Amino acid sequence: MLSKRLLFSIIMSSEYYIEIDTLSKAWYEEKLTYNGNKLPDPFDPKMTKHWFPYSKTMWPQISFGDIYMYLAETENTYTREEMKNYKSLDAYNYVLSGKVSPISGYRNDTLNICILTCKVLSGQSCKKYHHCWISAAPNGIVHNGHCTCMVGLGKACSHVAALLFAVELINKEQNEASSSVTRKRKKTGKKFDPIPVALMNFNRKRKCKKEIFRKSVKPPKEAYETFIAAIKKYVPDAPYLKELSDNEEKCSAFET
């Protein structure tokens, strides 16, 4: 982004500015003046080499309402009926047919102004591009526009309109993409299939969980005898359980 100091010491030096007549130069300078401050010339490569590509936080949030107010109500470039059927306009078709080059921009938060610029392929030629730009507030209100075509000295033409439509479409796509991500994040819980109310179970009694006890595995006789021998070695008087044989079990039962 250009520094604030550079913003107030701008010298118009673009090839376009040098070639136009004196009256057109005065009109061009007036377009690039906002609240008494000169804005950088979008046609000057020295100024635009530091400009940024698309950024949702940096671009003005131009909507169709802003385009309508600028083209139909402010500049009268199109009638209300034409704007109602805007998809049939050449400007809109320039965008859909890929005739709008990548857009770059400049933003100054101190002056609360943004400038966006691009090149639009001429509708009558496959090789000639028209360079255009628009200035707008970050909230989307369009202030000015300019183009290198024959009617570009005015504030709007089909190429300026194409730039506006391109910005509006990109903003819309980005907003829809971010909102879809937000909706995906909000999706929680399990998916349930709908069933009739008559089949719903409203019983709130909790079912007790049955505890499952595993049967102990009897160790082999050799392992048991080895274990008892180890106990007797270190603690001779230690009590322990002994498995009775069938004869011993009968004698014990007879004694009791």
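Looking at an unreviewed UniProt entry, the protein chain carries the name SWIM-type domain-containing protein, with the source organism given as Nephila pilipes.

1. Concerning the pattern of salt bridges
Applying the stated criterion across every chain yields a total of three salt bridges. Taking the shortest distance from any N to any O, the salt bridge between Arg 80 and Glu 73 comes out at 3.1 Å. Using a relative accessible area of 54% as the deciding quantity, one classes Arg 80 as exposed. Using a relative accessible area of 32% as the deciding quantity, one classes Glu 73 as partly exposed.

2. Examining the nonpolar core
Core analysis: the largest hydrophobic core is formed by 37 residues, its most contacted members being Ile 62, Leu 71, Met 83, Ile 103, Ile 134, Leu 164 and Phe 165. Elements that contribute at least two residues to this core include exactly helix 5 (64-74), helix 7 (90-96), strand 4 (113-121), strand 5 (129-136), strand 6 (142-147) and helix 8 (158-186). Of all the elements, helix 8 adds the most residues to this core, at nine residues.

3. Thoughts on the packing of aromatic side chains
Inspection of every chain in the model, using the stated rule, returns nine aromatic pairs. Each ring, one from Phe 64 and one from Tyr 86, has its centre 4.6 Å from the other, and the planes form 45°; the classification is tilted. Here Tyr 86 lies in the loop between helix 6 (80-84) and helix 7 and Phe 64 lies in helix 5, a separation of 22 residues in the sequence. Classification of Phe 64 as partly exposed rests on a relative accessible area of 25%.

4. Quick notes on the sheet that holds strand 3 (residues 104-108)
An order of 3-4-5-6 is seen for the four strands of this open sheet, with the pairing classed as antiparallel. In the strand order of this sheet, the two ends are held by strand 3 and strand 6, each with one partner. The sheet shows a mean angle of 15° between the axes of neighbouring strands, taken without regard to direction. When strand 4 meets strand 5, the two strands line up antiparallel, connected through eight bridges. Considered in strand 5, the bridge of Cys 114 is made with Ala 136. On top of the sheet, helix 3 (residues 22-31) reaches strand 5 and strand 6; it is set at about 145° to strand 6, its chief contact.

5. Digging into the UniProt feature "domain: SWIM-type" (unreviewed entry) in the protein chain
Sites flagged by UniProt as "domain: SWIM-type" (unreviewed entry) map to residues 132-168. Within residues 132-168, the helical portion is 30% and the strand portion 30%, while the C-alpha atoms at the span's ends are 16 Å from each other.

Conventions we followed
Residues numbered from 1 in each chain as written. Predicted model: local features only at pLDDT ≥ 70, side-chain atom pairs only at ≥ 80, totals over all residues. Heavy atoms only, no water. Salt bridge = Lys/Arg side-chain N within 4 Å of Asp/Glu carboxyl O. Buried < 20%, exposed > 50% of the residue type's maximum accessible area, 1.4 Å probe, protein only. Core = buried A, V, L, I, M, F, W, Y, C linked by side-chain atoms within 4.5 Å. Helix = DSSP H or I, 4+ residues; strand = E, 2+ residues; numbered from the N terminus. Phe/Tyr/Trp six-rings, centres within 6.5 Å; stacked < 30°, edge-to-face > 60°. Pairing = 2+ DSSP bridges. Axes fitted to C-alpha atoms, helices over the stretch in contact; angles between N-to-C directions. Contact = heavy atoms within 4.5 Å. UniProt positions renumbered as here; feature names shortened; annotations may be inferred.

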